[in-house]
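# Results of the structural survey
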Amino acid sequence: MSAGRRCAGRLMERDGRSRACPEIIPAGISYCRVHYGQKRAKYGADHRRRRRDYQGRINHAPIKCASCPTMLTGTDWDLGHDDDGQNYVGPQCRPCNRRDGANKLNQR
Ligand SMILES: [Zn+2]
Ligand SMILES: [Zn+2]
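Please read all numbers here as calculations on a predicted model, not as lab measurements.

## Here's the deal with the overall build of the protein chain
What the protein chain contains, in helices and strands, is two helices and eight strands. Mapped in sequence order, the helices and strands of the protein chain form the string β-β-β-β-α-β-β-β-β-α. Out of the 108 residues in the protein chain, the part that is buried amounts to 8%. Intrachain contacts of the protein chain at a sequence separation of at least 6 include 24% that bridge at least 24 residues.

Rendered as structure tokens:
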């Protein structure tokens, strides 16, 4: 088999069509540096928007942590993700967010 594989990202052509990114990347990662940076920037913007949404609600009235009975107030909370890191479980208190992260690492 070939050494390395293709980046999973797409390149946009000027005519609006996309084609597979030709970058060869090492095993174990999915994107070349450019596409990885793009994914992360997108994710970051979405994360900030959701956090701002929840912050507005928390400013109005405390929200319960997604994983325990702690009521979240002020800005002392984190936006938690599910095990895949793809979906948001909602706001979590800091101890829950850290514990979940540690569990995920231990499972892998
Ligand atoms: Zn790429
Ligand atoms: Zn909690």
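On we go.
## A few points about the confidence of the model for the protein chain
Atomic detail in the predicted coordinates should be set aside for any region of low pLDDT. Per-residue pLDDT for the protein chain averages 86, and the proportion of residues at 70 or more is 87%. When the elements of the protein chain are averaged for pLDDT, helix α2 (residues 94-107) gives the smallest value, 72, and strand β6 (residues 71-72) the largest, 97.

## Section: the environment of R5
Considering the arrangement of structural elements, one finds R5 in strand β1 (residues 5-6). Distance from R5 to G28, taken between C-alpha atoms, is 9.6 Å for residues 23 residues apart in sequence. Excluding anything up to four places from it in sequence, R5 contacts I24, I25 and A27.

## Section: the nonpolar core
Soluble globular proteins: nonpolar side chains tend toward being buried together. Membership of the largest hydrophobic core is limited to five residues, which are C65, A66, L72, W77 and C93. Apart from residues no more than four positions distant in its own chain, C93 is found in contact with C65, C68, T70, L72 and W77.

## Re the environment of P26
With respect to the helices and strands, the residue P26 is situated in the loop between β4 (24-25) and α1 (33-60). Residue P26 is classed as exposed on the basis of its 8 C-beta neighbours within 10 Å.

## Things to note about the environment of I63
With respect to the helices and strands, the residue I63 is situated in strand β5 (residues 63-64). Judged by the 17 C-beta atoms lying within 10 Å of it, I63 is partly exposed. Through-space distance from the C-alpha of I63 to that of Q92 is 9.2 Å; in sequence the pair is 29 residues apart. In this structure I63 touches Y54, R57, I58, L72 and P91, once residues within four positions along its chain are discounted.

## Regarding α1
With 28 residues, α1 should cover 40 Å at 1.5 Å per step; its first-to-last C-alpha distance of 41 Å lies within 8% of that length. Summarising burial for α1: zero of the 28 residues are buried, a small minority.

Cut-offs and rules
- Residues numbered from 1 in each chain as written.
- Chains lettered and ligands numbered in written order.
- Predicted model: local features only at pLDDT ≥ 70, side-chain atom pairs only at ≥ 80, totals over all residues.
- Helix = DSSP H or I, 4+ residues; strand = E, 2+ residues; numbered from the N terminus.
- Buried ≥ 20, exposed ≤ 12 C-beta atoms within 10 Å, placed from the backbone.
- Contact = placed C-beta atoms within 7 Å.
- pLDDT = per-residue confidence, 0-100.
- Core = buried A, V, L, I, M, F, W, Y, C linked by C-beta atoms within 7 Å.
- Expected span 1.5 Å × (residues − 1).

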